[in-house]
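Here's the letter readout for the chains.
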Amino acid sequence: MTMELISMAQEAAAHGAAVASSGIVGNITQAVGGAGAAIGVGLIGSKAVEAVGRNPGAFGNILTLGIIAMALAEGLGILAFFVAR
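Engineer: Describe in detail the overall build of the protein chain, supporting the description with residues and values.
Structural biologist: In terms of helices and strands, the protein chain carries two helices and zero strands. Carbon and sulfur atoms make up 75% of the accessible area of the protein chain, which totals about 6,200 Å².

Engineer: So what's going on with the pattern of salt bridges? Residues and values would help.
Structural biologist: Note on pairing: side chains with opposite charge can pair once their charged atoms come close. Summed over all chains, the structure comprises two salt bridges. We note a salt bridge from Glu50 to Lys47, for which the minimum N-O separation is 3.7 Å. With Glu50 and Lys47 both in helix H1 (residues 2-54) and three residues apart, this pair spans about one turn of that helix. Overall, Glu50 belongs to the partly exposed group, its relative accessible area being 37%. A relative accessible area of 51% means that Lys47 is categorised as exposed.

Engineer: Residue-level account of the side chain of Gln30, with values.
Structural biologist: Looking at the secondary structure, you find Gln30 in helix H1. If sequence neighbours within four positions are ignored, Gln30 has contacts with Phe81, Ala84 and Arg85.

Engineer: Describe helix H2 (residues 59-84), listing the residues and the values that go with them.
Structural biologist: With 26 residues, H2 extends 37 Å from end C-alpha to end C-alpha; this agrees with the ideal 38 Å at 1.5 Å per step. Those residues of H2 that sit buried are Ile62, Gly66, Ala73, Gly77, Ala80 and Ala84.

Engineer: Explain the environment of Glu74 to me, using residue names and the numbers behind them.
Structural biologist: Assignment of secondary structure puts Glu74 in helix H2. Taking the C-alpha atoms as reference, Glu74 lies 7.7 Å from Ala38; in sequence the two are 36 residues apart. Look past the residues within four positions of Glu74 in its chain and what remains in contact with it is Ala37 and Val41.

Parameters at a glance
Residues numbered from 1 in each chain as written. Predicted model: local features only at pLDDT ≥ 70, side-chain atom pairs only at ≥ 80, totals over all residues. Heavy atoms only, no water. Helix = DSSP H or I, 4+ residues; strand = E, 2+ residues; numbered from the N terminus. Areas by Shrake-Rupley, 256 points an atom, 1.4 Å probe, with all protein chains shown as cover. Salt bridge = Lys/Arg side-chain N within 4 Å of Asp/Glu carboxyl O. Buried < 20%, exposed > 50% of the residue type's maximum accessible area, 1.4 Å probe, protein only. Contact = heavy atoms within 4.5 Å. Expected span 1.5 Å × (residues − 1).

Here it is, written out as structure tokens:
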């Protein structure tokens, strides 16, 4: 009887550790996904401003492409949040 209780307690502790570690890994994955999206949006914005500075006549095309690229980068960041859970 005592051995059964000890083995059940050990299994419960192992299961609890697995659940806790999966939560930590999910949070790290979310942080990396959010940081990647933020870096991507920043790079896209800086390169768009640089491109407009070089060729002001192409402002409309650069703005359109920049907005689309930023939306795709943010979409991947949001996807990382959902996949991590």
